[in-house]
Amino acid sequence: MNADQALRLWRLAPWSRNPLMRATDRFDSVAAVVMITLILIAVPFAAALGTATYTGLNEQSHSELQTRHAQSAVLIDDPRLVIIGRAPSRSPETQDRATAQWTAPDGALRSTVVDTKPGMHRGDTVDVWVDRDGNVVDEPRSGVGNAEIAVSAALSAWSVAAVCSFVLYMGVRWMNRRSQMRHWDQEWKDFGRTPGWPVS
C-alpha cells in the first residue's frame, strides 16, 4: 500500500471531517471497522477452542491407552487387493487386506480383516488393537493426530467467524447502496423544480 492509498483510506474513515462524506459512507466505514475488529477478536477465541480440543483429545487418547493394547495376530490367508475408494477424476484407490486371527483372554479365537503391507503373506504377524476382552477397537490417536484435529477445529471456527463478519458487512453495504439509490432518485426527480411549484 502506497502513501496515496493510505491517505485515501484515512479520508474515508468515519471520523473524517470531509463535508462531502455522506452518512452512509461513514456507516460503511464503521461497518468495515467492526468487521475487522470481529475477525481479530475471533483469533484468540479460535486459539482457545483449538487448545481445549487438543487437551480433551489427548486426555481421551491417554484414557484409551489404559484399556486398549496392541495384540499380535497371524494372517490366516494371503492378502488380496481391495478397492477402497473410487473418484470420477482418478484411478480407484486400492489396499491389500487379509484376515488376521488371535486368541482372546478367554481362550476363544478372534479374527478381523486388516490392512497389510506390500509383500506380506499368510502366516505373517501383524498388530491389531483390542480391549481387555480381546475385542477389536480403534487404535488411540497419536499426539500428531490430535494436533491436526485441534488445528482444523480452530481454523474452522475462525473461518466461520470471518465469513459471518464479511457477510454482515456486505449486507450493510447493500442496504446503504439501496438507500443511496433511493436518495439519488428523489434528488433527480426534484432537479430543476422551482421551490413551491408542483412538478408537471
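The structure we're discussing is the one just above.
Now for a description of the structure that goes with this document.

Definitions and cut-offs
- Residues numbered from 1 in each chain as written.
- Predicted model: local features only at pLDDT ≥ 70, side-chain atom pairs only at ≥ 80, totals over all residues.
- Heavy atoms only, no water.
- Helix = DSSP H or I, 4+ residues; strand = E, 2+ residues; numbered from the N terminus.
- Contact = heavy atoms within 4.5 Å.
- Patch = residues over 30% accessible without salt bridge, like charges linked within 9 Å, V, L, I, M, F, W, Y side chains within 5 Å.
- Areas by Shrake-Rupley, 256 points an atom, 1.4 Å probe, with all protein chains shown as cover.
- Salt bridge = Lys/Arg side-chain N within 4 Å of Asp/Glu carboxyl O.
- Buried < 20%, exposed > 50% of the residue type's maximum accessible area, 1.4 Å probe, protein only.
- Polar contact = N/O pair within 3.5 Å; in protein donor to acceptor, adjacent residues only side chain to side chain.
- Core = buried A, V, L, I, M, F, W, Y, C linked by side-chain atoms within 4.5 Å.
- Pairing = 2+ DSSP bridges.

1. Notes on the overall build of the chain
(1) Moving on: Per the secondary structure count, the chain includes three helices and five strands.
(2) Moving on: For the chain, the N- to C-terminal ordering of α and β elements is α-α-β-β-β-β-β-α.
(3) Moving on: Pairs at least 24 apart in sequence give 56% of the contacts found in the chain among residues at least 6 apart.

2. Some words on a nonpolar patch on the surface
(1) Moving on: Taken together, Val30, Val34, Leu38 and Leu168 make up a surface patch of nonpolar side chains, about 310 Å² in accessible area.
(2) Moving on: Counting residues per element, the nonpolar patch draws most heavily on helix α2 (residues 23-67), which supplies three residues.
(3) Moving on: Note that Val34 resides in helix α2.
(4) Moving on: On the accessibility criterion, Val34 (39% relative accessible area) is partly exposed.

3. Quick word on the side chain of Thr99
(1) Moving on: Looking at where Thr99 falls in the secondary structure, it is placed in strand β3 (residues 93-103).
(2) Moving on: Residues in contact with Thr99, not counting those within four places in the same chain, are Val74, Leu75, Ile76, Asp77, Arg80, Ser111, Thr112 and Val113.

4. What to know about the environment of Asp115
(1) Moving on: Within the fold, Asp115 resides in strand β4 (residues 109-115).
(2) Moving on: Note: C-alpha distance between Asp115 and Arg80 (35 residues apart in sequence) is 9.8 Å.
(3) Moving on: What Asp115 contacts, discounting residues up to four positions off in sequence, is Gln95, Asp96 and Arg97.
(4) Moving on: Of note is the side chain of Asp115, whose polar atom sits 2.8 Å from the side chain of Arg97.

5. Digging into the nonpolar core
One broad trend across soluble globular proteins is that nonpolar side chains are buried collectively.
(1) Moving on: In this structure, Ala73, Leu75, Ala98, Ala100, Trp102, Val114, Met120, Val126, Val128 and Val130 together form the largest nonpolar core, which totals 10 residues.
(2) Moving on: Of all the secondary structure elements, the ones that give two or more residues to this core are β1 (68-75), β3 and β5 (125-131).
(3) Moving on: In this structure Val126 touches Gln71, Ser72, Ala73, Leu75, Ala100, Val114 and Met120, once residues within four positions along its chain are discounted.
(4) Moving on: In terms of nonpolar packing, the next biggest core, distinct from the first, is built from seven residues, Ala31, Ala32, Ile39 and Ala162 among them.

6. Overview of the pattern of salt bridges
Side chains that differ in charge, positive against negative, can pair when their charged atoms come close.
(1) Moving on: This structure, assessed with the given rule, holds four salt bridges.
(2) Moving on: As a salt-bridge pair, Arg97 and Asp115 come within 2.8 Å of each other at their nearest N and O atoms. Of this pair, Arg97 sits in strand β3 while Asp115 sits in strand β4, and the two are 18 residues apart along the sequence.
(3) Moving on: Arg110 is the salt-bridge partner of Asp106, the closest N and O atoms lying 3.5 Å from each other.
(4) Moving on: Residue Arg110 is classed as partly exposed on the basis of its relative accessible area, which comes to 21%.

7. Let's talk about the pairing of β4
(1) Moving on: Inspection of the sheet shows β3 paired to β4 by seven bridges, in the antiparallel sense. Paired with Thr103 across the bridge in β4 is Leu109.

8. A closer look at the pairing of β3
(1) Moving on: By the bridge criterion, two bridges tie β1 to β3 in an arrangement that is antiparallel. If you follow Leu75 over to β3, its bridge partner there is Ala100.
(2) Moving on: Connecting β3 to the antiparallel partner β4 that follows it, the hairpin turn spans five residues, and Gly107 within it adopts a positive phi of roughly 90°.

From the geometry alone we can't say anything about function, so treat these as descriptive.
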